[in-house]
Amino acid sequence: MTRFGYHVSHEQFAPSALLGYVRQAEAAGFDCAMSSEHFQPWSERQGQSGHAWSWLGAALASTDLPFGIITAPGYRHHPAVLAQSAATLSEMFPERLWLALGSGQLLNEGITGLPWPDKATRTQRLAECAGVIRALFAGETVTHRGLVTVVEAKLWSRPERAPLLVGGAVTADTARRVAAWADGLVTVGIEPEKLRPVVEAFREGGGEGKPVFLQTKVCWNRDEAAALADAHDQWAANMLEGDVNWDLRSPKEFDTASRFVRADDVGACVRVSSDLGRQAAWLQDLAAMGFAEIIVHQVGREQERFIEAFGRHVLPQLGEARPRERLAAVG
């Protein structure tokens, strides 16, 4: 059965506000949550970017929700330190964290001053980091010299059960590659016909039987025009296609690149509607694909009313797609 979660968008809201939102989401009936992990927002209009790993400790301590997080190892986060961060949280909060790894964006990783490599090199670096993290989770002492360097690293505080190590992918090619090392897949999208090739590639690459997590974007407001305007204001910078999302350096560059995105274009990546029945039907269509979790990201500024409305009117409509009791995000 599919668990439905609340997405914590650090790019858009202050950490203190997000802590309140995720508590409200738990009380409203959401089963789980997922945290973004940025150094900078996508757009200057979003205006925030708290440290997600610091925030996760508070969120896990003040809720009973399982959480997922996706991050890029090998740049801002050395893989050994990233493994230590995840292991510490998992030791304190057993089986409530899954860790997803992606190849990153220049927007976040460019602050290190390291050269920004091509996609093939980033994919190889990601695989090396995943191998280091998995070995550390297993209690090994790790020395590795390649695109990343690790010398005699060992985790002295580990959970009884390591968190799932999930691969992040938005294309079929990347999904097939991460299947070689990942315990599961996390992807993003709104349309089953576009998501299906990504999921199938992961299965074909070695992911058969492993959980797949989805982040899907919606914008709800009681007023339809307000919902569309809010989605356009907050998420136009994410409408760019191709490699642009990975290769622009700053929020200002994203705002410049997306200046010709029209409000009517936003529907290609965000489900915009004031109709809660329609929102529920869209989620039911996604749940039919068999995702372990569907994390709902309300891209608009209206969070408290969204949580209340979805908890009261949408989650109950999802029926048998939801678990009868809350489960930790483990396979």
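Remember, predicted model here, so these are calculated numbers, not experimental data.

J.: So what exactly am I meant to see when it comes to the overall build of the protein here?
T.: Within the protein, the secondary structure is distributed over 12 helices and 11 strands. Since a compact globule built from 331 residues should have a radius of gyration of about 20 Å, the 19 Å found for the protein is in line with a globular shape. In terms of principal-axis extent, the alpha carbons of the protein reach across some 55 × 45 × 40 Å. Out of the 331 residues belonging to the protein, those deemed buried represent 56%. Within the protein, counting contacts between residues at least 6 apart in sequence, those at least 24 apart form 76% of the total.

J.: Explanation requested: the layout of surface pockets in the structure shown.
T.: Sizing a probe to match a water molecule and rolling it over the atoms shows the empty space that remains. Counted as a void, the largest pocket has a volume near 1600 Å³. Around the largest pocket, the lining comprises 49 residues; the ones closest to its centre are Ala169, Val170, Val188, Asn245 and Trp246. Going through the elements one at a time, β2 (32-35), β3 (67-71), α4 (106-109), α5 (119-137), β8 (184-188), α7 (192-207), β9 (212-219) and α9 (244-247) are the ones with two or more residues in the lining of the largest pocket.

J.: Help me out: how do you make sense of the nonpolar core in this one?
T.: Nonpolar side chains in soluble globular proteins tend to be buried together. Counting residues in each nonpolar core, the largest one holds 74 residues, and the members touching the most others are Phe67 and Phe310. No other element matches α5, which puts seven residues into this core. When neighbours within four sequence positions are excluded, Phe310 is seen to be in contact with Phe30, Val218, Trp220, Leu276, Gln279, Leu283, Val296, Leu315 and Pro316. In this structure, Trp42, Leu107, Ala237 and Phe254 belong to the second largest nonpolar core, which totals 14 residues.

J.: How should the packing of helix α3 (residues 79-92) against α5 be read in this particular structure?
T.: One way to put it is that α3 packs onto α5 with a least axis distance of 9 Å and a crossing angle of 45°. When the interaxial angle is binned, α3 and α5 end up oblique. α5 is crossed by α3, and the crossing has right-handed handedness. When α3 is examined against α5, the residues Pro79, Ala80, Leu82, Ala83, Ala86 and Ala87 are found in contact with a partner set consisting of Cys129, Val132, Ile133, Leu136 and Phe137. Tallied by class, the residues present in the contact of α3 with α5 amount to 11 nonpolar, no polar and no charged.

J.: How should I be thinking about the packing of aromatic side chains in this particular structure?
T.: The geometry of two aromatic rings is summed up by the distance between their centres and the angle between their planes. The full count for this structure, using the stated rule, is eight aromatic pairs. Taking the centre distance of 6.1 Å and the plane angle of 65° together, the rings of Tyr6 and Phe30 count as edge-to-face. On the criterion of sequence distance, the pair formed by Tyr6 in strand β1 (residues 3-8) and Phe30 in the loop between α1 (15-28) and β2 is long-range, its members being 24 residues apart. The pair formed by Tyr6 and Phe30 is uniform in burial state, with each residue classed as buried. Each member of the aromatic cluster is reached from another via a ring pair, and the members are Tyr6, Phe30, Phe306 and Phe310.

J.: In this structure, what is going on with the pairing of strand β11 (residues 293-298)? I would like to understand it.
T.: Every regular strand shows the same layout, with side chains that alternate between the two sheet faces. Within β11, six of the six residues are buried, which leaves the element mostly enclosed by the surrounding structure. Side chains Glu293, Ile295 and His297 project from β11 onto one buried face, and the interleaved Ile294, Val296 and Gln298 project onto a second face that is buried too. Relative to β11, β1 is paired through four bridges, and the arrangement is parallel. Bridge pairing in β11 links Arg3 to Glu293.

J.: Please explain helix α2 (residues 52-62) as it appears in this structure.
T.: Residue pairs three or four apart in sequence face the same way in an α-helix, which turns once every 3.6 residues. Along α2, the residues classified as buried are Ala52, Trp53, Trp55, Leu56, Ala59 and Leu60. An end-on view of α2 places all buried positions within 145° of arc, on one side of the element. Pointing more than 90 degrees away from the buried face of α2 are the exposed residues Ser54 and Ala61. On its buried face, α2 is in contact with β1, α1, β2, β3, α3 and β4 (97-101).

J.: Sorry, what's going on with the pairing of β8 here?
T.: The buried fraction of β8 amounts to four of the five residues, a majority that puts the element mostly inside the structure. Taken together, the three bridges between strand β7 (residues 164-168) and β8 define a ladder with parallel strand orientation. Among the inter-strand pairings, Gly168 is bridged to a residue of β8, identified as Val186. With four bridges joining them, β8 and β9 adopt parallel strand pairing.

J.: Would you mind going over empty space enclosed by the protein with me for this structure?
T.: Under the definition given, this model contains one cavity of 30 Å³ or more. Every residue lining the largest cavity is listed: Ile190, Thr216, Val218, Arg271, Gln279, Trp282, Leu283 and Leu286. Residue assignment for the lining of the largest cavity shows that the elements contributing at least two residues are β9 and α11 (276-287). With four residues, α11 is the largest single contributor of residues to the lining of the largest cavity. In terms of residue class, the lining of the largest cavity is made up of five nonpolar, two polar and one charged.

J.: Hey, could you run me through the side chain of Asp255 in this one?
T.: Positionally, Asp255 belongs in helix α10 (residues 251-257). A distance of 2.7 Å separates a polar atom in the side chain of Asp255 from a polar atom in the side chain of Ser43. Ignoring any residue separated from it by four or fewer positions in sequence, one finds Asp255 in contact with Ser43, Glu44, Arg45 and Ala237.

Conventions and cut-offs
- Residues numbered from 1 in each chain as written.
- Predicted model: local features only at pLDDT ≥ 70, side-chain atom pairs only at ≥ 80, totals over all residues.
- Heavy atoms only, no water.
- Helix = DSSP H or I, 4+ residues; strand = E, 2+ residues; numbered from the N terminus.
- Rg over C-alpha atoms; globule rule 2.2 N^0.38 Å.
- Buried < 20%, exposed > 50% of the residue type's maximum accessible area, 1.4 Å probe, protein only.
- Contact = heavy atoms within 4.5 Å.
- 1 Å grid on protein atoms, 1.4 Å probe; cavity = no way out; pocket = protein on both sides within 12 Å on 5 of 7 lines; lining within 4 Å.
- Points joined across faces, edges and corners; volume = space filled by probe spheres on them.
- Core = buried A, V, L, I, M, F, W, Y, C linked by side-chain atoms within 4.5 Å.
- Axes fitted to C-alpha atoms, helices over the stretch in contact; angles between N-to-C directions.
- Parallel < 35°, antiparallel > 145°, perpendicular 65-115°, else oblique.
- Left-handed = near helix turned anticlockwise from the far one by under 90°.
- Nonpolar A, V, L, I, M, F, W, Y, C, P; charged D, E, K, R; others polar.
- Phe/Tyr/Trp six-rings, centres within 6.5 Å; stacked < 30°, edge-to-face > 60°.
- Pairing = 2+ DSSP bridges.
- Arc of directions from axis to C-beta.
- Polar contact = N/O pair within 3.5 Å; in protein donor to acceptor, adjacent residues only side chain to side chain.

Worth remembering: the numbers are spatial, not functional.
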